[in-house]
Amino acid sequence: MNSSWEAWLQEELTRLSAAGLERSLTTVAPLPDPADAAWCMLGGARLLNLFSNDYLGLSRDRRLAEAAANAAHTYGCGGSASRLVCGNHPLYPALEEALAAHHQAEAALVFPSGYAANVGTITALVGRGDLVLSDRLNHASIIDGIRLSQAEHRRFRHGDVDHLATLLRAESGRSRRVLIVTESVFSMDGDQAPLLEIVALKERYGALLLVDEAHAGGVLGAAGEGLTHALGCHGAVDLHIGTLSKAFGSVGGYVVGNRQLLRLLLNRARPLIFSTAVPPPSVAASLAAVSAVRAAHLQRHHLQQLATLFRSRLKASGLNTGTSATQIVPVWVGDNGNTLAFASALRRRGIGAVAIRPPTVPPQTARVRFSLTALLTLEQVQWAADQIIQVAHDLGLTGAQSTAKGRHGDAGKR
Ligand SMILES: *Cc1c(COP(=O)(O)O)cnc(C)c1O
C-alpha cells in the first residue's frame, strides 16, 4: 500500500474505534450436548444464547441434519454453478413447491440468501422513473436493492401509514409504477408493521407490495407462514420475501408470488443469475425445515409465552423495550459506549446478547437486542431477565436515557 492509502486506513479505523463503532469477529461455538442447545461458548465462557435467529431451534434438528447429510452423499457439497447453468439440482423444485404450498401462493423462487432475494427482486422490478416507498427502518438488503435499482426512493416514517398515504398522494402520480416495501416484523425493534392498513393503501393507489417476513417466518401464523397469514392479508401481498436462514435453521432466501412475477425475476434478478446455487445439503435441510416449521406448533406457542414473560419483566423494572411485540426484544440505551458496556457486563454474567449500534440502527438509538428462541426454558428466561435488570440498574441505564422514545421514526438512515 502506498502512504496515502495507509494514512486513510489508519484514520478510518481510529475513527471507528474512537466512536465505539468498531466491530470484530468473535467465535461462537455450540455446545456438543443437544441438551445444552440454549447455550453457546464464546471466548471460553458459557453463555445463554440470546443472540440467535434460530427461533425454533431447527438449525441443529436431527431431521435437517439427516436430510443434509444424505444430500451431501447423493449430490455432493457444492452448488456447482448458478441455478440457470447447472446448479438447479433435483431438490430445488421440491423445495419451491413446498414453499409455495406453505404460503398458499402460486410459486416460489429460492435465492442464495435473503439479502440476495431482496436486492435481486427490487432491482428486477423497478428502475429510473419508478417510485419506491420504504419504511425508514427497513433492513439493509432492502435499502441496497432500492439504491442499486436507481428508482426514486422515499422513506415513510416507521410504521406510519398516514405518512405513507401522504407520500402516495403527493408522489404516485409522477411515477410510472409504485412499489411499497416493508418488513412485517422489524429486525432491530421487534415490532410489527400495520400491514392491513398498508394493504388498503396499496390497493387504493395500484402499487405493488413487497413484505419481508425474515423474522416472522416460522414464528407467526398458524403454521409459521408469517404475519401476513396471521392477519389474513397474504392474498393481497404481491411479493412475500422469506429467509431459510433464521427460523428455518438452514440457509437461503426466497420469494413467493405469482408465476409471471417470478418468471421475470428469474430473468432479471442478478444475485440469482450471477451467484452459485445454494448447495444440495442446504436445499435438503430447507426442504425438511418446511415440514418441521409447519409442525412446530408447540415451539411457537412456547416462544410466545417466553417473549411475553421476558418483555413484561423488563418493562416492569423500568427498562425500555420500545415497541417490541415479538420474540425480538431490544433494551434501549442510546449511547454507543454504554451499550457496549451493557453487553459486556451481561457476558460476564453468562448472557450472550448483541450490542446494536449505528449504522445498523439510527444514531443515538443504540440498544442491546435479545432474541428469544424456543430452545429456552421459562426458568432460563426468568433468570436472564433478572440478570439484565440488575446489570442495567448497576450501570444506571434505567434513568433518562432509556426512556427515550420507543418509536424513532425520523432518525437517520441505515
Ligand atoms: C436477515 C434478514 C435478511 C437477510 O436474510 P439472509 O438470509 O440472512 O441473507 C433480509 N431481511 C431482513 C429483514 C432480515 O432480518
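Everything that follows concerns the structure shown earlier in this document.
Note that this is a predicted model, so its numbers are computed, not measured.

Student: Any chance you could break down the overall build of the protein for me, citing the residues and the numbers?
Tutor: Along the backbone of the protein there are 15 helices and 14 strands. Expected size for 414 residues packed as a compact globule is a radius of gyration near 22 Å; at 21 Å, the protein falls within 12% of this value. Referenced to the eigenvectors of the C-alpha coordinate spread, the extents of the protein come out at roughly 55 × 55 × 55 Å. Expressed as a percentage of the 414 residues in the protein, the buried residues total 55%. Taking the intrachain contacts of the protein between residues at least 6 apart in sequence as the baseline, contacts between residues at least 24 apart amount to 72%. Only carbon and sulfur atoms are counted for the fraction: they give 53% of the accessible area of the protein, which is about 17,700 Å². Seen as two clouds, the 39 positive and the 33 negative side-chain charges of the protein have centres 3 Å apart.

Student: Quick rundown of the sheet that holds strand 6 (residues 152-156)? Include the residues and the values.
Tutor: If you trace the 7 strands from one edge of the open sheet to the other, you get 4-10-9-8-7-5-6, paired in mixed fashion. Only two strands of the sheet have a single neighbouring strand rather than two, namely strand 4 (107-111) and strand 6. Strand-to-strand twist of the sheet, defined as the mean angle between neighbouring strand axes without regard to direction, takes the value 20°. As defined by bridge partners, strand 9 (residues 239-243) adjoins strand 10 (residues 253-257) across 4 bridges and the pair is classed as antiparallel. Looking at the pairing, Ile 241 lines up with Val 255 of strand 10. The sheet strands contacting helix 4 (residues 91-102) are strand 4 and strand 10, and the helix crosses strand 4 at an angle near 125°. Together, strand 5 (131-135), strand 6 and strand 7 (178-183) form the strand contacts of helix 7 (residues 161-171), whose direction differs from that of strand 6 by roughly 150°.

Student: Can you explain the sheet that holds strand 12 (residues 351-352)? Please cite residues and give values.
Tutor: Pairing in this open sheet of 4 strands is mixed, and the strands run 1-2-3-12 from one edge to the other. Here the strands that pair on one side only, and so sit at the sheet edges, are strand 1 (28-30) and strand 12. Pairing analysis gives 4 bridges linking strand 2 (residues 39-42) to strand 3 (residues 45-49), with the strands arranged antiparallel. Paired with Met 41 across the bridge in strand 3 is Arg 46.

Student: Break down the packing of helix 2 (residues 62-75) against helix 12 (residues 280-295) for me, citing the residues and quoting the values.
Tutor: Angle between the axes and distance between the axes: these two values describe a pair of packed helices. One way to put it is that helix 2 packs onto helix 12 with a least axis distance of 7 Å and a crossing angle of 150°. Relative to helix 12, the element helix 2 lies roughly antiparallel. Relative to helix 12, helix 2 is oriented so that their crossing is right-handed. Where helix 2 approaches helix 12, its residues Arg 63, Leu 64, Ala 67, Ala 68, Ala 71, Ala 72 and Tyr 75 are matched on the opposing element by Pro 280, Pro 281, Ala 284, Ala 285, Ala 288, Ala 289 and Ala 292. Looking at the contact of helix 2 with helix 12, its residues break down into 13 nonpolar, no polar and 1 charged.

Student: Quick one: what's the story with the site of the ligand, residue by residue and with numbers?
Tutor: The environment of the ligand is made up of 15 residues, and the closest members are Asp 212, His 215, Thr 243, Ser 245 and Lys 246. In this structure, an oxygen atom belonging to the ligand sits 2.6 Å away from a side-chain N or O atom of His 215. Residue Lys 246 places a side-chain N or O atom 2.7 Å away from an oxygen atom belonging to the ligand. Expressed as a share of its isolated accessible area of 380 Å², the protein-covered part of the ligand is 85%. In terms of residue count, the dominant contributor to the shell around the ligand is helix 5 (residues 114-125) (3 residues). Among the residues making up the shell around the ligand, the classes are represented as 2 nonpolar, 10 polar and 3 charged.

Student: Account for unusual backbone geometry, with residues named and values stated.
Tutor: For the bond running from Pro 358 to Pro 359, omega is 10°, close enough to zero to count as cis. Counting through the fold element by element, Pro 359 comes out in the loop between strand 13 (354-356) and strand 14 (366-371). In this structure, Ser 80 is a non-glycine residue whose phi angle is positive, near 75°. As for its placement among the helices and strands, Ser 80 is situated in the loop between helix 2 and helix 3 (83-87). Classification of Ser 80 as exposed rests on a relative accessible area of 62%. Here Gln 364, not a glycine, exhibits a phi torsion of approximately 65°, which is positive. Tracing the sequence through the fold places Gln 364 in the loop between strand 13 and strand 14. Note on Gln 364: relative accessible area 58%, which makes it exposed.

Student: Before we move on, could you go through the nonpolar core and cite the residues and values that matter?
Tutor: If you look at the biggest cluster of nonpolar residues, it comprises 92 residues, and the most contacted ones within it are Leu 133, Ile 180, Phe 310, Leu 314, Phe 342, Phe 370 and Ile 388. Among the elements that line this core, the one with the most residues is helix 12, at 8 residues. Judged by nonpolar contacts, the second largest core, of 24 residues, contains Ala 107, Ala 116, Ile 122 and Leu 125.

Student: A description of a nonpolar patch on the surface should follow, citing residues and the corresponding values.
Tutor: Side chains of Met 1, Trp 5, Trp 8, Leu 9, Leu 13 and Leu 16 sit close together on the surface and give an oily, nonpolar patch of about 640 Å² of accessible area. Relative to the elements of secondary structure, Met 1 occurs in the segment before helix 1 (3-18).

Student: Let's hear about the environment of Asp 36: which residues, and what values?
Tutor: Mapped onto the elements of the fold, Asp 36 is located in the loop between strand 1 and strand 2. Sequence separation between Asp 36 and Leu 372 is 336 residues; the distance between their C-alpha atoms is 15 Å. When residues no more than four places from it in sequence are discounted, the contact partners of Asp 36 are Leu 31 and Arg 46.

Analysis parameters
Residues numbered from 1 in each chain as written. Predicted model: local features only at pLDDT ≥ 70, side-chain atom pairs only at ≥ 80, totals over all residues. Heavy atoms only, no water. Helix = DSSP H or I, 4+ residues; strand = E, 2+ residues; numbered from the N terminus. Rg over C-alpha atoms; globule rule 2.2 N^0.38 Å. Buried < 20%, exposed > 50% of the residue type's maximum accessible area, 1.4 Å probe, protein only. Contact = heavy atoms within 4.5 Å. Areas by Shrake-Rupley, 256 points an atom, 1.4 Å probe, with all protein chains shown as cover. Lys, Arg positive; Asp, Glu negative; His and termini not counted. Charge placed at Lys NZ, Arg CZ, Asp CG, Glu CD. Pairing = 2+ DSSP bridges. Axes fitted to C-alpha atoms, helices over the stretch in contact; angles between N-to-C directions. Parallel < 35°, antiparallel > 145°, perpendicular 65-115°, else oblique. Left-handed = near helix turned anticlockwise from the far one by under 90°. Nonpolar A, V, L, I, M, F, W, Y, C, P; charged D, E, K, R; others polar. Near = heavy atom within 4 Å. Polar contact = N/O pair within 3.5 Å; in protein donor to acceptor, adjacent residues only side chain to side chain. Core = buried A, V, L, I, M, F, W, Y, C linked by side-chain atoms within 4.5 Å. Patch = residues over 30% accessible without salt bridge, like charges linked within 9 Å, V, L, I, M, F, W, Y side chains within 5 Å. Salt bridge = Lys/Arg side-chain N within 4 Å of Asp/Glu carboxyl O.

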